Amino acid sequence: MQSELFDRSNLEIADQQQRFALQNSQMLRVSLGPDVLATKGAMVAFQGSVEFHHEKAGSMGKLLKKMVTSEDNPLMRVTGQGEVFFASRAGFVNLVQLTGDAISVNGRNLLAFDASLEWDIHRTKGAGMLAGGLFNTTVSGQGMVALHTIGKPVVLDCSQQPTYVDTQACVAWSANLTPSMVSSMKFKSMLRGGSGEAFQYAFSGPGFVVVQADEWEQTPSNSSGGPGGLIGDLLS
């Protein structure tokens, strides 16, 4: 049988040295040993003896946050021996090696990460009811994190000048940054329906922010206001 489908670039990569490796720009290949946490639904194939289990929140605090926020990013624990392939919406996969530091990630852009890493959910300061009560997942420690983006991303340096990013296009940022919420729209424009670009994250200081080439559609919980006010303050 002959076909361009069988070109070497489409064959499974043979490198067994890297635990997290790019099968191609839109698919992640993980060689199991230690467990991996991944977004439910992200597994597209596996080889070997592999099991998938629902990952509990781990604490009452995390459970409460997952219940009342739009950052309810259901995770599964992947265990066993073999290779697992992950992908989501043909998004571009990007690997981030954490070396004792942390990254804040939009849950919709999170693909998989080492189970040894710590994770928690945090509310963006100032992201109240009008901004949709925006939350991100912070991952920290020593290990690998895999993100996926709509199109190829750009990494912006926030230390040179103030940086503003649409909330639906923002993928991740260095956790040492504390973004605030700003609105670029006049009140009259908001009353008339606006342009859909009303709120942005504002970053300033030493650090980076990752921006994807398209915007996620707003979830119903975001469009209806989300958990602002007292509950949001308790989670911040």
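Calculation notes
Residues numbered from 1 in each chain as written. Predicted model: local features only at pLDDT ≥ 70, side-chain atom pairs only at ≥ 80, totals over all residues. Heavy atoms only, no water. Helix = DSSP H or I, 4+ residues; strand = E, 2+ residues; numbered from the N terminus. Contact = heavy atoms within 4.5 Å. Polar contact = N/O pair within 3.5 Å; in protein donor to acceptor, adjacent residues only side chain to side chain. Disulfide = S-S within 2.5 Å. Buried < 20%, exposed > 50% of the residue type's maximum accessible area, 1.4 Å probe, protein only. pLDDT = per-residue confidence, 0-100. Pairing = 2+ DSSP bridges. Phe/Tyr/Trp six-rings, centres within 6.5 Å; stacked < 30°, edge-to-face > 60°. Core = buried A, V, L, I, M, F, W, Y, C linked by side-chain atoms within 4.5 Å.

1. Quick word on the environment of Gly141
No. 1: Tracing the sequence through the fold places Gly141 in strand S9 (residues 135-149).
No. 2: As a C-alpha pair, Gly141 and Thr99 span 42 residues in sequence and 6.4 Å in three-dimensional space.
No. 3: In this structure Gly141 touches Leu98, Thr99, Gly100, Asp101 and Leu117, once residues within four positions along its chain are discounted.

2. Observations regarding the side chain of Asn136
No. 1: Along the polypeptide, Asn136 turns up in strand S9.
No. 2: A polar side-chain atom of Asn136 sits 3.3 Å from a polar atom in the side chain of Ser104.

3. Focus: the state of the cysteines
No. 1: Under the criterion given, the structure shown has zero disulfides.
No. 2: Cys170 supplies the cysteine sulfur nearest to Cys158, a cysteine that is in no disulfide, at a spacing of 8.7 Å.
No. 3: Judged by relative accessible area, which is 1%, Cys158 ranks as buried.

4. Some details on unusual backbone geometry
No. 1: Although it is not a glycine, Arg89 adopts a positive phi angle of roughly 55°.
No. 2: Mapped onto the secondary structure, Arg89 falls in the loop between strand S5 (75-86) and strand S6 (92-105).
No. 3: Located in the positive-phi region is Ala90, a residue other than glycine, with phi close to 55°.
No. 4: Topologically, Ala90 is positioned in the loop between S5 and S6.

5. Concerning the confidence of the model for the chain
No. 1: Model confidence for the chain is summarised by a mean pLDDT of 81, while 74% of its residues fall at 70 or above.
No. 2: Of the regions scoring below 50 in pLDDT, residues 129-133 engages in 13 contacts with residues more than four places distant in sequence or in other chains.

6. Section: the pairing of S9
No. 1: Along S9, 12 of the 15 residues are buried, which leaves the element largely enclosed by surrounding structure.
No. 2: Inspection of the sheet shows S6 paired to S9 by 13 bridges, in the antiparallel sense. Looking at S9, one finds that Asn94 is bridged to Leu147.
No. 3: For strand S7 (residues 110-114) and S9, the ladder comprises three bridges, and the chain directions are antiparallel. Looking at S9, one finds that Phe113 is bridged to Val145.
No. 4: Both strand S8 (residues 118-123) and S9 contribute to a ladder of six bridges, which runs antiparallel. Paired with Asp120 across the strands is Thr138, a residue of S9.

7. Topic: the packing of aromatic side chains
What characterises a pair of aromatic rings is the spacing of the ring centres plus the angle enclosed by the ring planes.
No. 1: For the structure on display, the rule yields four aromatic pairs.
No. 2: Judged by centre distance (5.4 Å) and plane angle (65°), the ring pair of Phe46 and Phe52 falls under edge-to-face.
No. 3: Grouped by ring-pair contacts, the aromatic residues Trp173, Tyr201 and Phe203 constitute a single cluster.

8. Concerning the nonpolar core
Soluble, globular proteins show a tendency: their nonpolar side chains are buried together.
No. 1: Counting residues in each nonpolar core, the largest one holds 18 residues, and the members touching the most others are Ile103, Phe113, Trp119, Val139, Val145, Leu147 and Ala172.
No. 2: Of all elements in the fold, only S6, S7, S8, S9 and strand S12 (170-174) reach the threshold of two or more residues within this core.
No. 3: At four residues, S9 tops the list of elements feeding residues into this core.
No. 4: Counting 17 residues, the second-largest nonpolar core is a separate cluster that includes Phe20, Leu32, Val78 and Ala112.

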